[in-house]
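Structural characterization, general
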Amino acid sequence: MVNAILQDAARRARAAGVSFRVTALVPEELPFPDEDLCALLMNLLDNALEGAARTPEGRERSILFRARIFKGFLVLRCENTFDGYVKTDGQGHLLTIKDEPSSHGFGMAQMRSVAQKYHARLDVDYTGQRFTVQTALQLPDAA
């Protein structure tokens, strides 16, 4: 399933003119329900693709995705270029910048929920040109 999600993201990145580099050193079977992995990976990669596509003309548009198993955790890191624009609420939480915000902006909450379910945090960091999301989900067998 991870491979299928990454292949789809690679296809969409290619169509959008975004460089997509992946290192995924994970076993064929992961001990997480498909719906949790899908919610996390699809939202993560959708956001990265949208951000990279907003990168201004003349700058490299890229996504770097890494996944690996390390000491009982599934470690994920996704870094993408973007236009540098973020919108936050009074507590610094990211808000959607899409049209019709009442219909969007649920992906980050879904990713945080999956991370919390597996004793992890969803770390989000951004600079003027790069946006990074990372987490380390505890493998259920390692709990």
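Residues numbered from 1 in each chain as written. Predicted model: local features only at pLDDT ≥ 70, side-chain atom pairs only at ≥ 80, totals over all residues. Heavy atoms only, no water.

**Things to note about the overall build of the chain**
On a plain count of helices and strands, the chain comes out with three helices and seven strands. For the chain, with 143 residues in total, the buried portion stands at 36%. The contacts in the chain between residues at least 6 apart in sequence include a share of 63% that link residues at least 24 apart. Per element, the accessible surface of the chain, about 8300 Å² overall, is 50% carbon and sulfur. (Helix = DSSP H or I, 4+ residues; strand = E, 2+ residues; numbered from the N terminus. Buried < 20%, exposed > 50% of the residue type's maximum accessible area, 1.4 Å probe, protein only. Contact = heavy atoms within 4.5 Å. Areas by Shrake-Rupley, 256 points an atom, 1.4 Å probe, with all protein chains shown as cover.)

**What about the pattern of salt bridges?**
All chains considered together, the criterion is met by nine salt bridges. Here D8 makes a salt bridge to R12, at a shortest N to O gap of 3.1 Å. One end of the pair is D8 and the other is R12, both in helix α1 (residues 2-16) and four residues apart, which spans about a single turn. Of the residues examined, R12 reaches a relative accessible area of 29% and is grouped as partly exposed. For R54, the salt bridge identified is with D83, shortest N-O distance 3.0 Å. Of this pair, R54 sits in the loop between α2 (34-53) and β2 (62-70) while D83 sits in the loop between β3 (73-81) and β4 (87-88), placing them 29 residues apart in sequence. Assessed through its relative accessible area of 31%, D83 is described here as partly exposed. Linked by salt bridges that have partners in common, D8, R11, R12 and D46 make up one network. (Salt bridge = Lys/Arg side-chain N within 4 Å of Asp/Glu carboxyl O.)

**Concerning the packing of α2 against helix α3 (residues 107-117)**
Between two packed helices, the angle of one axis relative to the other and the distance separating the axes together describe the packing. At a minimum axis distance of 9 Å, the contact between α2 and α3 shows a crossing angle of 140 degrees. Between α2 and α3, the crossing angle belongs to the class labelled oblique. Considering the relative orientation of α2 and α3, their crossing is left-handed. Of the residues in α3, those touching α2 at D36, A39, L40, N43, L44 and N47 are G107, M108, Q110, M111, V114 and K117. Per-class residue counts for the contact of α2 with α3 are six nonpolar, four polar and two charged. (Axes fitted to C-alpha atoms, helices over the stretch in contact; angles between N-to-C directions. Parallel < 35°, antiparallel > 145°, perpendicular 65-115°, else oblique. Left-handed = near helix turned anticlockwise from the far one by under 90°. Nonpolar A, V, L, I, M, F, W, Y, C, P; charged D, E, K, R; others polar.)

In short, geometric facts, not functional conclusions.
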